[in-house]
Amino acid sequence: MKLMTIASGSSGNSIFIGSDTTSILLDVGIAAKRVKEVAEKVGIKDTSFDAIFITHEHIDHIKGLGVISRKYNIPIYATYGTIDGIMQCRSLGVFDYNLLRPIRSGASVLVGDIMVSSHAISHDAADPVCYSFECNGRKVSVATDLGVYDNSIIDFLSESDAMVIEANHDVRMLEAGEYPYPLKQRILGSKGHLCNEASGRLIRQLLSPRLRYTLLGHLSDKNNYPDLALQAVKNELMGSDIINDPGEIGLAVAPRYITSELYIV
């Protein structure tokens, strides 16, 4: 399986996940021209992606959806609540709503040779989910935009070969920063975003001998730094009996504005 982050952060989010025969976009909070660039990078002709999956309806995850839908007619999978949010988002413009394929949280969908499974997450959106993608015994998982996690999330993400996990903010930077108090409380709340330390604790519980790549995603540009997030997560991983060094799980930060390298598992 293949994994490449296209953009990651409050300014826009999108991830490519694929196999040798199937290509999927997870979220499209980016311009349509970026999708064409990514298609060329990963060798997809005529941007013939097989599907788009949406985690939730916030604009940094869907702002390119209208243009991309009008240009490329790619099927769009999302939960019922997320689809309602998409249809109410006027900035997307008019596109063919027949492309929208509703799924229930917790459901799985086979797209080509990739089984895509969803799981509910805690975030201030209508019906948000995280996803895992499985093909030929390999598993890629993505969990961002969640204020808290529990054992069911851990079980869902476990035994991944590669994953993207949110490390949104440093708590001290957020508390001392310029955001208004209600926004700070929203981010820190149970339906907000994971801080660096919480991300590290989640990753520690997801460590396994098969995990090869771990990307920290959705970093705040106001309340975090890549090096700060990396160090905080490394601190949480110290003393693990599964790994001796974070390099063993390919720990890195997903770039904000450019694509990551193409990871293959």
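Whatever comes next refers back to the structure up there.
Residues numbered from 1 in each chain as written. Predicted model: local features only at pLDDT ≥ 70, side-chain atom pairs only at ≥ 80, totals over all residues. Heavy atoms only, no water.

## Quick word on the overall build of the chain
1) Next: In terms of helices and strands, the chain carries nine helices and 14 strands.
2) Next: Computed over its C-alpha atoms, the radius of gyration of the chain comes to 17 Å, within 12% of the 18 Å expected for a compact globule of 265 residues.
3) Next: With the C-alpha coordinates of the chain rotated into their principal frame, the extents come out at 50 × 45 × 30 Å.
4) Next: A burial count over the chain gives 58% of its 265 residues as buried.
5) Next: Counting only contacts in the chain whose residues sit at least 6 apart along the sequence, the fraction spanning at least 24 positions is 67%.
6) Next: For the chain, the distance from the average site of its 25 positive side-chain charges to the average site of its 31 negative ones is 5 Å. (Helix = DSSP H or I, 4+ residues; strand = E, 2+ residues; numbered from the N terminus. Rg over C-alpha atoms; globule rule 2.2 N^0.38 Å. Buried < 20%, exposed > 50% of the residue type's maximum accessible area, 1.4 Å probe, protein only. Contact = heavy atoms within 4.5 Å. Lys, Arg positive; Asp, Glu negative; His and termini not counted. Charge placed at Lys NZ, Arg CZ, Asp CG, Glu CD.)

## Details of the packing of aromatic side chains
1) Next: What the rule picks out here adds up to seven aromatic pairs.
2) Next: Taken together, a centroid distance of 6.4 Å and an interplanar angle of 90 degrees make the contact between Phe53 and Phe133 edge-to-face. Of this pair, Phe53 sits in strand β4 (residues 51-53) while Phe133 is found in strand β9 (residues 129-135), placing the two residues 80 residues apart along the sequence. Each member of the pair, Phe53 as well as Phe133, carries the same accessibility label: buried.
3) Next: Consider the rings of Phe95 and Tyr97, whose centres lie 5.0 Å apart with planes at 85 degrees: the pair is edge-to-face. (Phe/Tyr/Trp six-rings, centres within 6.5 Å; stacked < 30°, edge-to-face > 60°.)

## Quick word on the pairing of strand β6 (residues 100-103)
1) Next: Pairing of strand β5 (residues 76-79) with β6 involves four bridges; the strand directions are parallel. In the sheet register, Ile76 faces β6, and the bridge partner there is Leu100.
2) Next: Where the polypeptide runs from β5 across helix α4 (residues 80-87) and back to β6, its parallel neighbour, the crossover connection is right-handed. (Pairing = 2+ DSSP bridges. Right-handed = clockwise from strand over helix to strand, strands pointing away.)

## Considerations on the sheet that holds β4
1) Next: Taken in spatial order, the seven strands of this open sheet run β6-β5-β4-β3-β2-β1-β14, and their pairing is mixed. Both outer strands of the open sheet, β6 and β14 (263-264), are each paired with one neighbouring strand and no more.
2) Next: As defined by bridge partners, strand β1 (residues 2-7) adjoins β14 across two bridges and the pair is classed as antiparallel. By the bridge assignment for β14, Lys2 is matched with Ile264.
3) Next: The sheet strands contacting helix α1 (residues 32-42) are β1, β2 (14-18) and β3 (23-26), and the helix crosses β1 at an angle near 150 degrees. (Axes fitted to C-alpha atoms, helices over the stretch in contact; angles between N-to-C directions.)

## Here's the deal with the nonpolar core
1) Next: Judged by nonpolar contacts, the single largest core of 30 residues is most densely connected at Ile52, Ile54 and Leu65.
2) Next: Those elements that provide at least two residues to this core are β1, α1, α3 (65-72), β5 and α4.
3) Next: Element by element, the count of residues in this core is highest for α1, at five residues.
4) Next: With residues near it in sequence (within four places) discarded, Ile54 still touches Asp27, Val28, His61, Ile62, Leu65, Ile76, Tyr77, Ala78, Thr82, Ile86, Val129 and Tyr131.
5) Next: Core analysis: the second largest hydrophobic core is formed by 28 residues, Ala143, Ile154, Leu216 and Ile243 among them. (Core = buried A, V, L, I, M, F, W, Y, C linked by side-chain atoms within 4.5 Å.)

Read these as layout, nothing more, since geometry by itself doesn't imply function.
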